[in-house]
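Observations on chain architecture
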Amino acid sequence: MSSPRDGSTVSVSWTMKHLDRDLETRTVKFILGDGNAEGVVPGIELALKKMKKAETATVNVTSPYAYGHVGDAGLAVPGGADLVYLLTLEDFQQAKYKYEMSDTEKVEFAEKAKEMGTGYFRDGKYELALRKYESITEYLEPEGDDMDDDMSDSDDEDKDKESEKTEEKKTKSPEQEEKMKQLRIAGYSNQALCHLKLQDGMNALKACESTLSLDPKNIKALFRRGQAAEISEDWEDAIEYFKEVLEVDSKNTLAGNRIKFCRNKLNSYKASQKKRYANMFERTNFKDPVATKDTNKLKPDFSDDDEEEEAGDTNEDEATKPTEMEV
């Protein structure tokens, strides 16, 4: 009997305790991986992935996987509290792996993920929104470009089903191809937006580049690429990226304003660097050495005459003696 995985719809019930107090008794149905939206703590989701249908378990959830140092005033959970759950997995509907889905199912999955991601984004839950947008591009990635992490479970997959999927791929309509492409574009573009909200310029830039590989003139991706460079304080790159926005949309006043802003930042940076190095050289006070007149009249004679005489005076026995060394 299998356990539920991310994307599965689970029905669960629990009684939650802190020390000797019962703080919550609840029954809830949710999609595994999206428990945060339903007030399910991360520790419960991790436990459910190891449970079987109709199984009941006592789950000890430490503070970082429960309500953290903040706690939950509504449930009277103090900050830093470790909790004990009597958890029952009543039922679940197993989620399909990517390779088990038809193209139609993948599109339906992606559209639902996009809708949920948008909801999370509006609520300011940017990390949850990001996960949903990433699932869109993961599931719609053309076959061969990305392998599912759990492909090892497909050894016994029915060959007839594989043949049916291959046939469906061959008969995919241009409309469906375009729909999948647009969903991938939206997925990458919205990933960039989430990364910007999370102040992650590097990954925002990567998401923009992925968007532009599918749609080179996507105005949102072009603009967000400039914003990503701003977060990283790459002012010169940001200016060039915003210029590319104007090449596509010459009336884009936002891009024009960002160029002015980035130029001011770049000029300020250059001025500060110039001042910094000027102060550095001033502190070290480097000066060219002053030439001095050599008053030493007795200069050593480096001619070979004396050496030749000394060589001539050396006895043959002495010449063959080993060199003595004091250690």
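The following refers to the structure shown. Along each chain, residue indices are assigned from 1 in the same order as the chain's sequence is written. Note on the predicted model: pLDDT of at least 70 is required for a residue's local features to be given, and 80 or more for side-chain atom pairs to be given and counted; whole-chain, interface and lining totals, by contrast, use all residues. Each side-chain value is derived from all of the structure's non-hydrogen atoms; neither hydrogens nor water enter the calculation.

Once that is clear, we can look at helix α3 (residues 126-140). Because an α-helix packs 3.6 residues into every turn, residues spaced three or four apart end up facing the same way. With 15 residues, α3 should reach 21 Å at 1.5 Å per residue; the first-to-last C-alpha distance of 21 Å fits that figure. A simple rule labels every residue: compare its accessible area, found with a 1.4 Å probe on the protein chains alone, to the largest value its type can have, and call it buried under 20%, exposed over 50%, or partly exposed in between. Numbering of helices and strands starts at the N terminus; helices are DSSP runs of H or I of at least 4 residues and strands are runs of E of at least 2. Of all the residues in α3, the buried ones are Leu128, Ala129, Leu130, Lys132, Tyr133, Ser135, Ile136, Thr137, Tyr139 and Leu140. Residues are treated as being in contact if the distance between any of their heavy atoms lies within 4.5 Å. Of the surrounding secondary structure, the elements contacted by the buried residues of α3 are α2 (103-122) and α5 (174-197). What a helix is expected to span follows from its residue count: subtract one and scale by 1.5 Å.

With that settled, consider the packing of α2 against α3. Contact pair α2 / α3: the axes reach a minimum separation of 8 Å and the direction vectors enclose 165°. For the element pair α2 / α3, the angle class is roughly antiparallel. As α2 runs across α3, the sense of the crossing is left-handed. Each of Lys106, Val107, Phe109, Ala110, Ala113, Lys114, Met116, Gly117, Thr118, Tyr120 and Phe121 in α2 lies in contact with α3, whose residues at this interface are Tyr126, Leu128, Ala129, Lys132, Tyr133, Ser135, Ile136, Tyr139 and Leu140. Charged means Asp, Glu, Lys or Arg here, nonpolar means Ala, Val, Leu, Ile, Met, Phe, Trp, Tyr, Cys or Pro, and polar covers whatever is left, Gly included. Along the lines of polarity and charge, the residues of the contact of α2 with α3 split into 14 nonpolar, three polar and three charged. Axis definition: a line fitted to C-alpha atoms, over the contacting stretch in the case of helices. Angles run 0 to 180 degrees between N-to-C directions. Geometric relationships in this document are graded by angle, where less than 35 degrees denotes roughly parallel, more than 145 denotes roughly antiparallel, 65 to 115 denotes roughly perpendicular, and other angles denote oblique. In this scheme the crossing of two helices becomes right-handed for a clockwise turn of the near helix relative to the far one and left-handed for an anticlockwise turn of less than a right angle.

So, on to the nonpolar core. Counting residues in hydrophobic clusters, the biggest one holds 26 residues, and the most contacted among them are Val12, Trp14, Leu48, Tyr85 and Leu87. Those elements that provide at least two residues to this core are β1 (9-18), β2 (21-31), α1 (42-48), β3 (56-61) and β4 (83-93). Here this core takes five residues from β4, the largest share from any one element. If we skip the residues at most four places from it in the chain, Leu48 touches Pro4, Val10, Val12, Phe30, Leu32, Leu87 and Leu89. Buried residues of nine kinds, namely Ala, Val, Leu, Ile, Met, Phe, Trp, Tyr and Cys, make up a nonpolar core once their side-chain atoms join them within 4.5 Å. Grouped together as the second largest cluster of nonpolar side chains are 15 residues, Leu212, Ala221, Tyr241 and Cys262 included.

It is worth spelling out a negative patch on the surface at this point. There is a patch of like negative charges on the surface, built from Glu233, Asp234, Glu236 and Asp237. With respect to the secondary-structure elements, Glu236 resides in helix α8 (residues 235-248). Like-charged residues within 9 Å of one another, or nonpolar side chains (Val, Leu, Ile, Met, Phe, Trp, Tyr) within 5 Å, are grouped into patches, provided each residue has over 30% relative accessible area and no salt bridge. Residue-level accessible areas treat just the shown protein chains as cover; the underlying method is Shrake-Rupley with a 1.4 Å probe. Salt bridges, as used here, are contacts in which a Lys or Arg side-chain nitrogen is within 4 Å of a carboxyl oxygen on Asp or Glu. A positive count includes Lys and Arg, and a negative count includes Asp and Glu. His and the chain ends are not counted in either. For charged residues, the charge sits on one atom: NZ in Lys, CZ in Arg, CG in Asp, CD in Glu.

Let's shift gears to the pairing of β1. Pairing between β1 and β2: 10 bridges, direction antiparallel. Residue Trp14 lies in a different strand from β2, and its bridge partner there is Arg26. Counted between consecutive antiparallel strands, the loop separating β1 from β2 contains two residues, among which Leu19 sits at a positive phi close to 60°. One requirement defines pairing of two strands: DSSP has to find at least two bridges between them. Where β1 and β4 come together, nine bridges link them in antiparallel fashion. Bridge pairing in β4 places Thr9 opposite Gln93.

For Arg184, the location among the structural elements is in helix α5. Contacts of Arg184, omitting those with residues within four sequence positions, involve Thr137, Leu140, Glu141, Pro142 and Leu214.

Turning our attention to the packing of aromatic side chains. For this analysis, a ring pair means two rings from Phe, Tyr or Trp (six-membered ring only for Trp) whose centres lie within 6.5 Å, classed as stacked if their planes differ by under 30 degrees, edge-to-face if by over 60, and tilted for the remaining angles. One pass over the structure, following the stated rule, counts six aromatic pairs. With centroids separated by 5.4 Å and ring planes inclined at 15°, the aromatic side chains of Tyr97 and Tyr99 adopt a geometry described as stacked. On the accessibility criterion, Tyr97 (10% relative accessible area) is buried. Judged by its relative accessible area of 11%, Tyr99 is buried. A cation over an aromatic ring shows up here: Arg5 above the ring of Tyr97, its NZ or CZ 3.5 Å from the ring centre. For a ring to carry a charge above it, either NZ of a lysine or CZ of an arginine must fall within 6 Å of the ring centroid while also lying within 35 degrees of the normal to the ring plane. Arg258 extends its terminal NZ or CZ atom over the ring of Phe261, reaching a point 4.4 Å from the ring centre.

These figures come from the coordinates and say nothing about function on their own.
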